[in-house]
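Read off the chains here:
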Amino acid sequence: DSGVTQTPKHLITATGQRVTLRCSPRSGDLSVYWYQQSLDQGLQFLIQYYNGEERAKGNILERFSAQQFPDLHSELNLSSLELGDSALYFCASSVSPGGNQPQHFGDGTRLSIL
Amino acid sequence: DQQVKQNSPSLSVQEGRISILNCDYTNSMFDYFLWYKKYPAEGPTFLISISSIKDKNEDGRFTVFLNKSAKHLSLHIVPSQPGDSAVYFCAAKFGSSNTGKLIFGQGTTLQVKP
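Cut-offs used in this document
Within every chain, residues take consecutive numbers counted from 1 along the sequence as written. Ligands are numbered from 1 and chains lettered from A, in the order in which they are written. Given that this is a predicted model, residues contribute local features only at a pLDDT of at least 70 and side-chain atom pairs are listed and counted only at 80 or more, while totals for whole chains, interfaces and linings are drawn from all residues. The basis for every side-chain value is the complete set of non-hydrogen atoms in the structure, without hydrogens or water. Each salt bridge in this description consists of a side-chain nitrogen of Lys or Arg and a carboxyl oxygen of Asp or Glu lying within 4 Å of one another. Buried, partly exposed and exposed residues are distinguished by accessible area as a fraction of the type maximum, computed with a 1.4 Å probe on protein chains only: under 20%, between the cut-offs, and over 50%, respectively. Helix numbers and strand numbers start at the N terminus; a helix is a DSSP run of H or I with at least 4 residues, a strand a run of E with at least 2. Residues adjacent in sequence count toward polar contacts only when both atoms are side-chain atoms; beyond that, a polar contact is any pair of N or O atoms within 3.5 Å, and within protein one must be able to donate a hydrogen and the other to accept it. What makes two residues a contact is simply this: any of their non-hydrogen atoms within 4.5 Å. Each of two parts loses accessible area, computed with a 1.4 Å probe, when they are put together; buried area is these two losses added. By this definition, two strands are paired if DSSP reports at least two bridges between them. A pocket here means an open set of points on a 1 Å grid, computed over the protein atoms alone, that has protein on both sides within 12 Å along at least five of seven lines. A cavity is instead a set of points where a 1.4 Å probe fits but cannot get out; residues with an atom within 4 Å of a point line either one. Grid points are joined across faces, edges and corners, and a volume is the space filled by probe spheres set on the points. The residue classification treats Ala, Val, Leu, Ile, Met, Phe, Trp, Tyr, Cys and Pro as nonpolar and Asp, Glu, Lys and Arg as charged. All others, Gly included, are polar.

Draft legend 1. Summary view of the pattern of salt bridges. Counting across every chain of the model gives 5 salt bridges over all chains. For the salt bridge of K56 of chain B with E58 of chain B, the shortest nitrogen-to-oxygen distance reads 4.0 Å. With a relative accessible area of 41%, K56 of chain B lands in the partly exposed category. Shared partners join several salt bridges into a network, and the residues in it are R63, E82 and D85 of chain A.

Below, the structure written as structure tokens:
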């Protein structure tokens, strides 16, 4: 158990819809990261937050947005969903925003677009 | 542009033997490298890491070797056990930066046969 909690585990929805994925980081971790793993793809970095503020952005679509709340949990919002958005979405956390330290991952949310 | 590459999609070894997983990278600015293990329906689990100031790091049965001139790292598992069967990802980051973006390889599926 990594201590990172993601909900829901599975999400099935239709094209054009909007969903929210939730992540609670490990106790004591201030930085949260979101990654996407599509079929046959490695994990792709989407976005990072540290103590409530955006710290780094990857190839995140404009239809996607995220935020980190004062209690440090984070939400990833995906809107105007397309078939290609079907993927595993992982959240990870670490104590500080950079430096030589590992990130600890949750078990992911599997998003299926029908 | 794939900055971190794992050229072997799969590897099969006999229980008790050594497993060697390889990873190549292209960006010489990477200075922190990590290996993660992933079981189906779970998130990646941190295994071991190495800073670019070292060429070897050991933790129990797991050893990571870094060859900076060749831009190559490898993970050795000795002895291999059936429970090691999983997908292994290598990842790299700019360790000195103040962001934690990880760049992952595509993964290598390891099968350890009893």
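After presenting the structure, the write-up continues.
Draft legend 2. Inspection of the side chain of Q101 of chain A at higher detail. Residue position: Q101 of chain A is located in the loop between β9 (87-94) and β10 (104-105). Within polar-contact distance, the side chain of Q101 of chain A engages the side chain of S96 of chain A at 2.5 Å.

Draft legend 3. Fine view of the interface of chain B and chain A. Counting residues at the interface gives 22 residues for chain B and 22 residues for chain A. For the pair chain B and chain A, the summed buried surface comes to about 1700 Å²; carbon and sulfur atoms form 55% of the total. Looking at the side of chain B that touches chain A, the elements with two or more residues in it are β4 (32-38), β5 (45-51) and β9 (86-93) of chain B. A total of 4 residues in the side of chain B that touches chain A trace back to one element, the largest contributor, which is β4 of chain B.

Draft legend 4. Representation of the pairing of strand β7 (residues 64-68) of chain A within the structure. Residues and elements named next belong to chain A. The side-chain alternation of β7 yields one buried face, formed by F64, A66 and Q68, and one unburied face, formed by S65 and Q67. Both β7 and strand β8 (residues 74-78) contribute to a ladder of 5 bridges, which runs antiparallel. Residue pairing across strands places S65 opposite N77, the latter belonging to β8. Hairpin connection, β7 to β8: the antiparallel pair is bridged by 5 residues, and L72 has positive phi, about 80°.

Draft legend 5. Inspection of the layout of surface pockets at higher detail. Taken as a whole, the largest pocket encloses approximately 620 Å³ of empty space. Every residue lining the largest pocket is counted, 29 residues in all, and those nearest its centre are Q37, S38, L88 and R110 of chain A together with K38 of chain B. For the lining of the largest pocket, the elements supplying multiple residues, two or more each, are β9 and β11 (109-113) of chain A together with β9 and β11 (108-113) of chain B. Looking at the lining of the largest pocket residue by residue, the class counts come to 11 nonpolar, 12 polar and 6 charged. Its boundaries defined by the atoms lining it, the second largest pocket holds a volume of some 340 Å³. Along its surface, the second largest pocket is lined by 19 residues, and L43, Q44, F45 and N59 of chain A together with I103 of chain B are the ones closest to its centre. Among the elements of the structure, β5 (43-50) of chain A together with β10 (103-104) of chain B are those that each provide at least two residues to the lining of the second largest pocket. Its residues assigned to classes, the lining of the second largest pocket comprises 10 nonpolar, 7 polar and 2 charged.

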